[in-house]
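The chain contents come next:
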Amino acid sequence: MSETTTGYVAGRSCEGCTMCCKLLRIEALDKPGFEWCPHCEIGVGCKIYEERPSECRIFHCGYLTQSGIGNHWKPANSRMVLALSTDTKSLTIFVDPDRVDAWRKEPFYSDIQSWARAAEKNKRRVIISQGSSVIAVTADGETDLGTVEDGQIIVGRRKRGPGGGDVEPIVVDRDDPIVDALRLVKDPESARQASPDQLAEAKRRIAEWLSRRDT
Ligand code: SF4
Ligand code: SF4
């Protein structure tokens, strides 16, 4: 899917892999996740490479960019695509529905548990998405989030408690205005660009939303 190899781990490339063209949702093409894109020549590449949407151009999976991720994660073999998101502060592991529960096998499972422990310290989340079934993995275990539709995303909320509190994953509609408010407050770049009034308003909306959830 990707356009450039700048910033890739040495020796890694998309060659022979098209897994993201199956597992990811591509809004511009109205392509649902977990179905092959009609423009994909499976295992070879994109048939509309020059005209492919920007979502495809800018996507670089974690296997390509993160040196701490082992070679066993190569998506063409593992059938899992690692997607790091700065706005939702998450690592989502998209799993091919034809290999459901591949993530529970070793050496993947030990990696995921170690990432979940590190994520919790950094207020991040590890999410497993395998089609209709979505699971949040934390240092303490797993939360089955049930079905997350194409038009929904997962946001995290840190609950107060001993040791800093647990992260509670919450499923919200992608077009819910709370998503913009959360992004403004949680994404350092968005927060830097916002005015003090915009930040205060976003925080007020988030507090109101959380108090409605708690009642
Ligand atoms: S999943 Fe990663 S390695 Fe495979 S085609 Fe997509 S970006 Fe390239
Ligand atoms: S348009 Fe091309 S790069 Fe984008 S999902 Fe389809 S096949 Fe992959």
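So, here's what we can say about the structure. None of these values were measured; they are calculated from a predicted model.

## Comments concerning the sheet that holds strand β6 (residues 133-138)
Next, step 1: Taken together, five strands build an open sheet; the order of strands is β3-β4-β5-β6-β7 and the sheet is mixed. Edge positions in the open sheet fall to β3 (80-85) and β7 (141-146), since each of these has one partner strand only. Here the average twist between neighbouring strands, direction ignored, is 20°.
Next, step 2: Relative to β6, strand β5 (residues 125-130) runs antiparallel, the two sharing five bridges. Among the inter-strand pairings, serine 129 is bridged to a residue of β6, identified as valine 134.
Next, step 3: The strands touched by helix α5 (residues 108-121) are β4 (90-95), β5 and β6; relative to β5, the strand with the most contacts, the crossing angle is about 140°.

## A closer look at the site of ligand 2
Next, step 1: Contacts to ligand 2 come from 10 residues, most closely from Cys21, Cys37, Cys40, Cys46 and Cys56.
Next, step 2: Here the residues of the shell around ligand 2 sort into eight nonpolar, one polar and one charged.

## A short note on the nonpolar core
Where a protein is soluble and globular, its nonpolar side chains tend to be buried together.
Next, step 1: Judged by nonpolar contacts, the single largest core of 29 residues is most densely connected at Cys20, Met80, Val81, Leu82, Ile93, Phe94 and Ile128.
Next, step 2: Elements supplying a minimum of two residues to this core: α1 (20-23), α3 (62-65), β3, β4, α5, β5 and β6.
Next, step 3: Looking at which element gives the most residues to this core, the answer is β4, with four residues.
Next, step 4: In this structure valine 81 touches Met19, Cys20, Leu23, Leu24, Cys61, Pro75 and Phe94, once residues within four positions along its chain are discounted.
Next, step 5: Listed in part, the six residues of the second largest apolar core include Val155, Ala181, Leu182 and Leu184.

## Some remarks on the site of ligand 1
Next, step 1: For ligand 1, the set of nearby residues contains 14 residues, the closest of which are Cys14, Cys17, Cys20, Cys61 and Pro75.
Next, step 2: Counted by class, the shell around ligand 1 contains 11 nonpolar, three polar and no charged residues.

## Details of unusual backbone geometry
Next, step 1: Here glutamate 106 and proline 107 are connected by a cis peptide whose omega angle stands at 5°.
Next, step 2: Even without being glycine, phenylalanine 34 reaches a positive phi, approximately 65°.
Next, step 3: Backbone geometry at arginine 79 places phi at a positive 60°, although glycine is not the residue there.
Next, step 4: Residue position: arginine 79 is located in the loop between α4 (75-78) and β3.

Reading the values: rules and limits
- Within every chain, residues take consecutive numbers counted from 1 along the sequence as written.
- Lettering of chains starts at A and numbering of ligands starts at 1, both following the order in which they are written.
- Restriction of local features to residues with pLDDT of at least 70 applies here, the model being predicted, together with a cutoff of 80 or more for giving and counting side-chain atom pairs; totals for whole chains, interfaces and linings are based on all residues.
- Any two strands with at least two DSSP-identified bridges between them are counted as paired.
- Secondary structure elements follow DSSP: runs of H or I of four or more residues count as helices, runs of E of two or more count as strands, with numbering from the N terminus.
- Angles here are taken between N-to-C directions and fall from 0 to 180 degrees, while the axes themselves are lines fitted to C-alpha atoms, restricted in helices to the stretch in contact.
- Our contact criterion uses C-beta atoms placed from the backbone: two residues qualify when those atoms are within 7 Å.
- Defining nearness, a residue is near a molecule or strand when the C-beta atom obtained from its backbone falls within 6 Å of it.
- For this scheme, ten residues count as nonpolar: Ala, Val, Leu, Ile, Met, Phe, Trp, Tyr, Cys and Pro. Four count as charged, namely Asp, Glu, Lys and Arg, and the remainder, Gly too, count as polar.
- A set of buried Ala, Val, Leu, Ile, Met, Phe, Trp, Tyr and Cys residues, joined through C-beta atoms within 7 Å, is what we mean by a nonpolar core.
- Here exposure depends only on C-beta density: within 10 Å of a residue's C-beta, 20 or more other C-beta atoms make it buried, 12 or fewer make it exposed, and intermediate numbers make it partly exposed, the C-beta atoms being placed from the backbone.

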